[in-house]
Amino acid sequence: MHIHRTYRAKIRNHSQVERMLDLHGWSASKLWNVANYHSHEVWAETGEIPDDSDLKSELKGHDNYKGLHSQSSQRVLEELAEAFNSWFGKRKSDDRANPPGYRKKNYYDNDGNRVHEEHPRSTVTWKQKGIRHDTKHNRIRLSKGANHKDHPRDWDYILVEYETRPEVTVENLQQVRAVYSKSKGRWELHLVCKHEVETPDAPGNETAGVDLGICNFAAVAYSTEEADLYPGNRLKQDGYYFPKEIAKCDDSGGSEATRLHHKWSERRTHFFNSLAKHIVEKCVECGVGRINIGKLAGVREDEKGESKNWGRHGNLDLHGWAFDRFTKILTYKAKVEGIEVVEVSERNTSKTCCVCGREDDSQRVERGLYVCEPCDAAFNADVNGAENIRLDLNQSNSESAPRLGGDRSTGWLAQPGVYLHDLSHGFSPREQVVDCKP
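Please read these numbers as outputs of a predicted model, since none were measured by experiment.

Definitions and limits used
- Residues numbered from 1 in each chain as written.
- Predicted model: local features only at pLDDT ≥ 70, side-chain atom pairs only at ≥ 80, totals over all residues.
- Heavy atoms only, no water.
- Helix = DSSP H or I, 4+ residues; strand = E, 2+ residues; numbered from the N terminus.
- Buried < 20%, exposed > 50% of the residue type's maximum accessible area, 1.4 Å probe, protein only.
- Contact = heavy atoms within 4.5 Å.
- Areas by Shrake-Rupley, 256 points an atom, 1.4 Å probe, with all protein chains shown as cover.
- Arc of directions from axis to C-beta.
- Axes fitted to C-alpha atoms, helices over the stretch in contact; angles between N-to-C directions.
- Parallel < 35°, antiparallel > 145°, perpendicular 65-115°, else oblique.
- Left-handed = near helix turned anticlockwise from the far one by under 90°.
- Pairing = 2+ DSSP bridges.
- Core = buried A, V, L, I, M, F, W, Y, C linked by side-chain atoms within 4.5 Å.
- Salt bridge = Lys/Arg side-chain N within 4 Å of Asp/Glu carboxyl O.
- Polar contact = N/O pair within 3.5 Å; in protein donor to acceptor, adjacent residues only side chain to side chain.
- Phe/Tyr/Trp six-rings, centres within 6.5 Å; stacked < 30°, edge-to-face > 60°.
- Lys NZ or Arg CZ within 6 Å of the ring centre and 35° of its normal.

(A) Up close: the overall build of the chain. Scanning the chain from terminus to terminus reveals 9 helices and 18 strands. When the 438 residues of the chain are sorted by exposure, 45% land in the buried category. Expressed as a percentage of contacts within the chain between residues at least 6 apart in sequence, the contacts between residues at least 24 apart total 65%. Taken as a whole, the chain presents about 22900 Å² of accessible surface, with 43% of it coming from carbon and sulfur.

(B) Looking closely at helix 2 (residues 52-59). Residues Leu55, Lys56 and Leu59 constitute the buried set of helix 2. Mapping the buried residues of helix 2 onto a view down its axis gives an arc of 100°, with all of them on the same face.

(C) Structural detail: the packing of helix 1 (residues 14-46) against helix 2. For the pair helix 1 and helix 2, interaxial distance at closest approach is 11 Å and the crossing angle is 115°. With respect to helix 2, the axis of helix 1 lies roughly perpendicular. Between helix 1 and helix 2 lies a crossing of right-handed hand. Contacts between helix 1 and helix 2 involve Val34, Ala35, His38 and Ser39 from the first element and Leu55, Glu58 and Leu59 from the second.

(D) Here's a closer look at the sheet that holds strand 9 (residues 186-196). Here 7 strands make up an open sheet; going across it, the order is 4-8-9-1-7-6-5 and the pairing antiparallel. Unpaired on one side and paired on the other, strand 4 (124-126) and strand 5 (131-134) mark the two borders of the sheet. Put simply, the sheet's adjacent strands are angled 30° from each other on average, direction ignored. Taken together, the 3 bridges between strand 4 and strand 8 (residues 173-181) define a ladder with antiparallel strand orientation. Directly across from threonine 125, in strand 8, lies its bridge partner arginine 177.

(E) Structural view of unusual backbone geometry. Of note, the phi angle at asparagine 172 is positive, near 50°, even though the residue is not glycine. Along the polypeptide, asparagine 172 turns up in the loop between strand 7 (157-163) and strand 8. According to the relative accessible area criterion, asparagine 172 is partly exposed, its value standing at 47%. In this model, glutamate 225 sits at a positive phi of 60°, which is unusual for a non-glycine residue. Tracing the sequence through the fold places glutamate 225 in the loop between strand 11 (216-222) and strand 12 (226-231). Relative accessible area serves as the criterion here: at 36%, glutamate 225 is assigned to the partly exposed category.

(F) Quick peek at the nonpolar core. Formed by 39 residues in total, the largest nonpolar core has its most connected members in Ile140, Leu189 and Leu191. In terms of residues, this core owes the most to one element, helix 1, which gives 7 residues. Not counting residues within four places of it along the chain, the set of residues in contact with leucine 189 comprises Tyr7, Arg8, Ala9, Ile11, Ile140, Val160, Tyr162, Val176, Arg177 and Ala178. In terms of nonpolar packing, the next biggest core, distinct from the first, is built from 29 residues, Ala208, Tyr230, Leu330 and Phe427 among them.

(G) View of the pairing of strand 5. Pairing of strand 5 with strand 6 (residues 139-143), which is carried by 4 bridges, proceeds in the antiparallel orientation. In the strand pairing of strand 6, aspartate 134 is matched with arginine 139. Linking strand 5 to strand 6, which pair antiparallel, is a turn of 4 residues; within it asparagine 138 sits at a positive phi near 55°.

(H) Broad picture of the environment of valine 284. Looking at where valine 284 falls in the secondary structure, it is placed in helix 5 (residues 255-285). Taking the relative accessible area as the measure of exposure, valine 284 reaches 34% and is therefore partly exposed. Once residues within four sequence positions are removed from consideration, valine 284 is found in contact with Pro203, Glu337 and Ile339.

(I) Examining the pattern of salt bridges more closely. A full pass over the atoms with the stated rule returns 18 salt bridges. Of the charged contacts, one joins glutamate 82 and arginine 75 as a salt bridge, the two residues approaching to 3.4 Å between their closest N and O atoms. As a salt-bridge pair, aspartate 134 and arginine 139 come within 3.2 Å of each other at their nearest N and O atoms. With relative accessibility at 22%, the residue aspartate 134 sits in the partly exposed group. Classification of arginine 139 as partly exposed rests on a relative accessible area of 27%.

(J) Here's a closer look at the side chain of threonine 349. Inspection of the secondary structure assignment puts threonine 349 in the loop between strand 14 (340-344) and strand 15 (370-372). According to the relative accessible area criterion, threonine 349 is buried, its value standing at 4%. A distance of 2.7 Å separates the side chain of threonine 349 from the backbone oxygen of glutamate 346, its partner in a polar contact. Threonine 349 has contacts with Asn384, Gly385, Asn388 and Ile389, leaving out every residue within four places of it along the chain.

(K) How the structure looks around the packing of aromatic side chains. Applying the stated criterion across every chain yields a total of 11 aromatic pairs. Measuring from centroid to centroid gives 5.4 Å for tyrosine 230 and phenylalanine 427, while their planes differ by 85°, and the two rings are edge-to-face. Taken together, the residues tyrosine 230 in strand 12 and phenylalanine 427 in strand 18 (residues 426-429) connect sequence positions 197 residues apart. Ring centres 6.0 Å apart and planes at 10° place the aromatic pair phenylalanine 242 and tryptophan 264 in the stacked group. Within this pair, whereas phenylalanine 242 is found in helix 4 (residues 233-247), its partner tryptophan 264 is found in helix 5, the two being separated by 22 residues in sequence. On the accessibility criterion, phenylalanine 242 (1% relative accessible area) is buried. A connected cluster of aromatic rings, assembled from ring pairs, spans Phe217, Tyr230, Phe271, Phe272, Phe326, Tyr419 and Phe427. The ring of tryptophan 32 carries the charged tip of arginine 103 above its face, separated from the ring centre by 3.7 Å. Looking at arginine 268, its charged tip hangs above the ring of tryptophan 264, at a distance of 5.1 Å from the centre.

Shape descriptors only; they carry no functional weight alone.
Below, the structure is given as structure tokens:
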């Protein structure tokens with residue numbers, strides 16, 4: 001099994017390569033802006049968004065495209081196309097969603113008048129064809145853009161000397177990202193390496209179902225008749241706290257606003273990693289060999305393919321969460337433990353009773369409560385959805401839904417374990433969490 005890991009590295013010869021990395025960072029911003037302008041024009045004329053192949057074909061002869069190695073330019077255009085596709089999905093349910101912006105930083109005088117603007121130093125990505133790695137001396141040759149050679153006999157690469165943590169071994173290098181840190185005022189490298197690891201046997205033959213949602217970010221049901229809830233309170237708190245703090249900054253592109261954006265992103269990433277780790281550890285404990293997780297379309301769309309309307313605040317919360325990103329992290333961590341993650345349809349899982357199989361919209365009487373009159377039972381609505389996802393009701397060869405039987409009003413369906421995110425210790429039982437302030 002192959003896995004990819006990213007290591008941060010300090011640039012030892014920063015003063016020697018800073019100017020050239022700056023030039024490439026500025027070129028990446030310029031190319032983004034040119035492609036962004038072109039995409040807006042195509043959208044205005046046709047109502048369609050050009051994909052990355054269209055952008056590459058249109059701009060491959062542009063001077064800004066030649067400011068980077070060809071694969072580096074391609075990655076900028078791929079990122080822009082991804083950003084436009086994300087915006088196109090959001091605008092279906094939130095007409096206030098803004099398309100990708102331009103990368104520029106404005107400077108103002110004491111009277112509030114704009115003096116000038118400049119392009120910021122964007123992240124530059126080199127793929128394998130633009131990399132030469134000297135493992136013996138911890139050096140990497142990064143191919144220059146054709147426009148950044150000072151003279152015909154100038155070297156066609158940037159020679160970067162790097163330093164990682166002592167326990168890190170950089171080998172099978174697949175990708176290098178040069179990332180500028182405004183808070184530190186210097187560049188650093190993110191090294192993406194491919195490692196081959198032995199695939200372990202699955203911990204067991206049990207199954208688990210994961211339902212992603214608004215109030216509870218994740219609900220997990222196990223075939224061992226256990227269930228857990230993971231409220232999204234931490235993400236909601238950060239989602240309201242950080243935008244307000246960023247709005248107080250005098251310069252939206254200044255160092256303080258950048259620091260807040262970075263902190264917000266880091267906390268969100270930490271939440272996703274902690275949650276995935278906790279779920280996988282519980283799966284190993286319960287002997288789970290397969291995790292069914294609801295397809296993302298089930299979170300964002302209704303049965304007719306139309307975008308769900310969760311209300312004004314609900315839509316903002318939903319689109320502030322990277323469900324797809326969490327699914328990828330969970331898949332990666334589960335794979336390392338020999339657990340398969342499968343995306344299954346969420347169709348009807350929220351309105352079908354996992355005990356008797358009866359389908360009725362009215363049975364979910366309110367958020368968090370599911371009542372089934374034929375079963376004479378009341379239980380947690382999100383756990384009910386997770387159990388139906390575990391059963392994979394929409395597959396003809398799935399387990400039979402009406403198999404649980406008995407009174408489940410006071411058992412695991414009604415009283416699941418609840419885990420909250422503690423900034424210091426990750427996920428812990430609700431009663432043990434104390435560090436909840438933003």
